[in-house]
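# Structural overview for review
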Amino acid sequence: MHIAEGVLNAPTLLAGWGLTLAATLVGLRRIDPRHVMTVAMLAAAFFVASLIHVPLGPASVHLVLNGLLGLVLGWACFPALFCGLLLQALFFQYGGLSVLGVNTFTMAFPAVLCGLALRPLLLRGGTVRAGAAFAAGFLAVLFSGLFTALALAVTGEGFLTPAKLILAGHVPVMVLEGLITLFAVGFLAKVQPEILGLRPTA
Amino acid sequence: MRIARPALLSALWLLLVCFLATPLALAHKVQLFAYLEGAELVSESGFGKGRPCKECGLQLLNRADGSLLLQGQSDAQGVWRTALPPEAAQCGEGLLLVLDAGEGHRAEWKIAPEEYLHLFSGPAVPAAQASGPTADAPAGPLAATGTAVDPAALEAMVARTVSAAVSEAVARELAPVKKLLLQPEEPDWRGILGGLGYIFGLAGIYAYARSRKA
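Small disclaimer: the values here were computed from a predicted structure and weren't measured. Along each chain, residue indices are assigned from 1 in the same order as the chain's sequence is written. Labels follow written order: the first chain is A, the first ligand is 1, and so on. Where local features are concerned, this predicted model is filtered to residues with pLDDT of at least 70; where side-chain atom pairs are given and counted, the filter is 80 or more; whole-chain, interface and lining totals use all residues. In computing side-chain values, all of the structure's heavy atoms are included and hydrogens and water are not.

## Overview of the overall build of chain B
Heads up, the condition is: A run of H or I in DSSP counts as a helix once it spans at least four residues, and a run of E counts as a strand once it spans at least two, with each numbered from the N terminus. When accessible area is computed with a 1.4 Å probe and restricted to protein chains, residues below 20% of their type maximum are described as buried, those above 50% as exposed, and intermediate ones as partly exposed. We call two residues in contact when some of their heavy atoms are within 4.5 Å. Note that accessible areas follow from Shrake-Rupley with a 1.4 Å probe, and for residues the cover is restricted to the protein chains shown.
When you go through chain B residue by residue, the secondary structure sums to four helices and seven strands. Going residue by residue from the N terminus, the α and β elements of chain B occur as α-β-β-β-β-β-β-β-α-α-α. Each of the 214 residues in chain B was classed as buried or not, and the buried ones make up 34%. For chain B, restricting intrachain contacts to residue pairs at least 6 apart in sequence, the fraction spanning at least 24 positions comes to 57%. Accessible surface computed for chain B: about 12800 Å², of which carbon and sulfur atoms make up 62%.

## Considering helix H7 (residues 160-191) of chain A
Our working rule: Residue count minus one, scaled by 1.5 Å, sets the expected span of a helix. Bend is computed residue by residue as the angle between axes fitted to the seven residues ending at the residue and the seven residues starting at it.
Compared with the 46 Å implied by 1.5 Å per residue over 32 residues, the 43 Å span of H7(A) between its first and last C-alpha is a close match. Of all bends in H7(A), the biggest is about 45°, found at A:Val171, and the proline A:Pro172 comes one to four residues later.

## What about the sheet that holds strand S2 (residues 40-46) of chain B?
Residues and elements named next belong to chain B. Heads up, the rule is: Two strands are counted as paired when DSSP detects at least two bridges linking them. Note on method: axes are straight lines fitted to C-alpha atoms, helices fitted across the in-contact stretch only, with angles between N-to-C directions ranging 0 to 180 degrees.
Taken in spatial order, the three strands line up as S1-S2-S5 in an open sheet, and their pairing is antiparallel. At either end of the open sheet lies a strand with only one pairing partner, and these are strand S1 (31-37) and strand S5 (79-83). Averaged over all pairs of adjacent strands, the angle between strand axes in this sheet comes to 15°, irrespective of strand direction. In this sheet, S2 lies alongside S1 in antiparallel orientation, the contact comprising seven bridges. Bridge assignment links alanine 34 to a residue of S2, and that residue is serine 43.

## Overview of the packing of helix H3 (residues 66-73) of chain A against helix H4 (residues 77-92) of chain A
Each pair of packed helices gets described by two things: the angle between the helix axes and the distance between those axes. Between H3(A) and H4(A), whose axes approach to 9 Å, the crossing angle comes to 145°. Note on element contacts: H4(A) touches H3(A) through A:Cys77, A:Ala80 and A:Leu81, opposite A:Asn66, A:Leu69, A:Gly70 and A:Leu73.

## Things to note about the confidence of the model for chain B
Residues and elements named next belong to chain B. Basically, it comes down to this: Per-residue confidence from the prediction method is given by pLDDT, with values spanning 0 to 100.
Summarising the model, chain B shows a mean pLDDT of 75, and 69% of its residues fall at 70 or more. Ranking the helices and strands of chain B by mean pLDDT puts strand S3 (residues 57-62) first, with 90, and helix H1 (residues 4-24) last, with 57. Note on residues 123-139: pLDDT is under 50 here. Beyond four places in sequence and across chains, it has eight contacts. Here the prediction assigns the complex a pTM of 0.68, and the interface score ipTM is 0.84.

## Focus: the sheet that holds strand S4 (residues 68-73) of chain B
Across a sheet, strands are paired by hydrogen bonds formed along the backbone, either parallel or antiparallel in direction. All names here are of chain B. One open sheet holds the four strands; their spatial order is S4-S3-S6-S7, and the pairing between them is antiparallel. Either end of the sheet is taken by a strand with one partner, and the two such strands are S4 and strand S7 (105-111). Here the average twist between neighbouring strands, direction ignored, is 20°. Where S3 meets strand S6 (residues 95-102), six bridges bridge the pair, whose relative direction is antiparallel. In the sheet register, glycine 57 faces S6, and the bridge partner there is aspartate 100.

## What about the pattern of salt bridges?
Residue and element names in this part refer to chain A. The following threshold applies: For salt bridges, the criterion is a side-chain nitrogen of Lys or Arg within 4 Å of an Asp or Glu carboxyl oxygen.
Tallied over the full model, the rule gives four salt bridges over all chains. Of the charged contacts in the structure, one is a salt bridge between aspartate 32 and arginine 34, with a shortest N-O distance of 2.7 Å. You can call aspartate 32 partly exposed: its relative accessible area is 25%.

Set out below in structure tokens:
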């Protein structure tokens, strides 16, 4: 879902940068200094996750992990994803520097939305927690795809065709991400429940 | 310590993912490179090893003004072969090949004038052949009267033929070498470690800055 350089028009790029910078500043303030390492680890996981390719016929899709980041970090996922994407652009030329604003927004904003909506459900425990974790992984990728298609549409590539292609291609990734988020949340709930806002268990 | 162990576990998990990721690490962006094989432009596009960009739109542009010279589509192997259009002879600043794979995937490849301009200027006549009012003798020494064979003209024709044959053979042999040289790099260990290093470095700087404020 990284949009490459030279695809979007200038107003879209500027809008992306404006939104991302504003949200990143908000996110930076929200980082609890005691949990900086958590932010760093999740940013690192995102950085590496995008290298894991899910083969899918003619298309090429990769893991995103933005659902997990949104659940754990909330608004702080903006600076985390911004750094991850910036380094991917510099080291691997994924995406691009001019389009970094848009790419960050399309991945981080859905993550924040899912985090805000679903994190409270994690407190319930049991099936509700599992369902919320899966939904976070699944929906974050879904909405990222929609926002990517929207960015392409605003530039003039039409909305329906890229939207259908992106969503169709990413359905396996959505399911896989849902599962990964599910297991990650289960793991974190046992070893470090505080970062999910849960009470420590003994 | 309770805090250290989960952090260590997470770090180990992350390291494991890195080890697993590198063999699976396949490029996500669409890659394009092109070279000339004789008088043919060959372009190859894909998403990394073994995943060609099938039926992706390609455009050949004049770099000087962005005007479109030729359009085409890659085949099932991600390859597009085309003869250079005659307009390319006027493109002194180079050509630009643009690939649009849809869904926001786009790539460019620049072709320098030195790679193709010589194709339009005709075969070279060896310097030894200095005499003669006209440098071109297309009729050949065996044409027209069919009487005495002009040794100088014969030599020129042989030289031209050999030169053309050698150029073609060299181009054919060099094509795979050029392709190897032009292959874009796949994400590798250095990139991953570099990125991870920066992430933790930035986090450290941030933590330091915040600790100083408090």
